[in-house]
Amino acid sequence: IKYLFSYKDGILIWKQLSKNNKKSDLIGKEAGTIVDVSKNGYNYKYVGIRINKKRYRRSVLVFCLFNKRFPKINNVIDHINGNPIDDRIENLRECTASQNMGNILLKKKKTFNKNNYPIGIYKIEKGKYLKYSYRFNYKNKEIYKSFKTLKEAKKEYINKRKELFGEFYGRESW
């Protein structure tokens, strides 16, 4: 990888082309294109780079460049700040898929919740009673708890995620 690319602020620049790449005008230019993915109801983007007819995520190549190895089997590269296009080495860390899922951006829902409650927070009305709850999955178990106020539910939701996911708990935007 170090023979193919130079690195600057999360960007890989072609130094030499792979054997199947005939476009000599790419040398000195930024490698990769943005790939849009829609999978299991999630939409995300990443930068893909083709080397010898195989596509790699730029984040994996940057990780390899600095660590001199690919991620361990069944591990992935996590973007600490939640931005999958920000491939600066200081924003990347190796983790399990479960840890990576724990590091979702805790933001307001736009499509599923007309009241704009944060992901995982639900409003429950039963007659004259009103409560708020959080719900998420952890190691194939559903974690669920109810509270009297939205503020209390948000606070305890963050605390529970920090307890279970540690540094991978996610980042609040609310």
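If you're wondering where the values come from, they're calculated on a predicted model, not measured in any experiment. (Residues numbered from 1 in each chain as written. Predicted model: local features only at pLDDT ≥ 70, side-chain atom pairs only at ≥ 80, totals over all residues. Heavy atoms only, no water.)

This part takes up the overall build of the protein. Secondary structure summary: the protein contains three helices and 12 strands in total. Residues classed as buried in the protein amount to 34% of the 174 residues present. At a minimum sequence separation of 6, the contacts of the protein that also span at least 24 residues come to 38%. (Helix = DSSP H or I, 4+ residues; strand = E, 2+ residues; numbered from the N terminus. Buried < 20%, exposed > 50% of the residue type's maximum accessible area, 1.4 Å probe, protein only. Contact = heavy atoms within 4.5 Å.)

Each aromatic ring pair is described using two quantities: the centre-to-centre distance and the angle formed by the ring planes. Inspection of every chain in the model, using the stated rule, returns three aromatic pairs. Ring plane angle 40 degrees and centroid distance 4.7 Å describe the contact between F5 and W14, whose orientation is recorded as tilted. Looking at F5, the relative accessible area reads 2%, which means it is buried. With a relative accessible area of 5%, W14 lands in the buried category. Relative to F66, the ring of Y7 has its centre 4.9 Å away and its plane inclined at 80 degrees; by these criteria the two rings are edge-to-face. Of this pair, Y7 sits in strand β1 (residues 5-8) while F66 sits in helix α1 (residues 58-67), and the two are 59 residues apart along the sequence. Relative accessible area serves as the criterion here: at 24%, Y7 is assigned to the partly exposed category. Here R57 stacks its cationic end above the ring of Y46, 4.0 Å away from the centre of that ring. (Phe/Tyr/Trp six-rings, centres within 6.5 Å; stacked < 30°, edge-to-face > 60°. Lys NZ or Arg CZ within 6 Å of the ring centre and 35° of its normal.)

Let's shift gears to the confidence of the model for the protein. With 84% of its residues at a pLDDT of 70 or more, the protein shows a mean pLDDT of 82. The least confident element of the protein is strand β8 (residues 105-106), whose mean pLDDT is 56; the most confident is α1, at 97. Overall, residues 107-114 carries pLDDT values under 50, and its contacts beyond four positions in sequence, including any with other chains, amount to 15 contacts. (pLDDT = per-residue confidence, 0-100.)

A few words on the nonpolar core. Counting residues in each nonpolar core, the largest one holds 16 residues, and the members touching the most others are F5, L12, W14, A31, I49, I51 and L61. Listing elements by their share of this core, those giving two or more residues are β2 (11-14), β4 (42-51) and α1. Ranked by residues supplied to this core, first place goes to α1 with six residues. Beyond its immediate stretch of four places on either side in the chain, A31 contacts F5, L12, I13, W14, V47 and I49. Counting 14 residues, the second largest nonpolar core, distinct from the first, contains Y134, F136, Y138 and I143. (Core = buried A, V, L, I, M, F, W, Y, C linked by side-chain atoms within 4.5 Å.)

Attention shifts here to the side chain of R58. Within the secondary structure, R58 is located in helix α1. With residues up to four places along the chain from it excluded, the contact list for R58 reads G10, I11, L12, E30, V47, I49, I85 and D87.

In this section: the environment of E90. Among the structural elements, E90 can be located in the loop between β6 (75-79) and β7 (92-96). A relative accessible area of 53% places E90 in the exposed class. Along the chain, E90 and D9 lie 81 residues apart, while their C-alpha atoms are 9.5 Å from each other. Those residues within four positions of E90 in sequence are excluded, and the remaining contacts are Y7 and I80. A distance of 3.0 Å separates polar atoms of two side chains, one belonging to E90 and the other to R88. (Polar contact = N/O pair within 3.5 Å; in protein donor to acceptor, adjacent residues only side chain to side chain.)

Pairing is antiparallel in the open sheet, where three strands are placed in the order β9-β10-β11. The sheet is open, and its two borders are formed by β9 (121-126) and β11 (141-147), each paired with just one other strand. Strand after strand, the sheet turns through a mean of 30 degrees between neighbouring axes, direction not considered. Where strand β10 (residues 129-138) lies against β11, seven bridges are found, and the strand directions are antiparallel. Within β11, the residue paired with N137 across the bridge is E142. Lying on the sheet, helix α3 (residues 150-165) is in contact with β9, β10 and β11; it crosses β10 at an angle near 15 degrees. (Pairing = 2+ DSSP bridges. Axes fitted to C-alpha atoms, helices over the stretch in contact; angles between N-to-C directions.)

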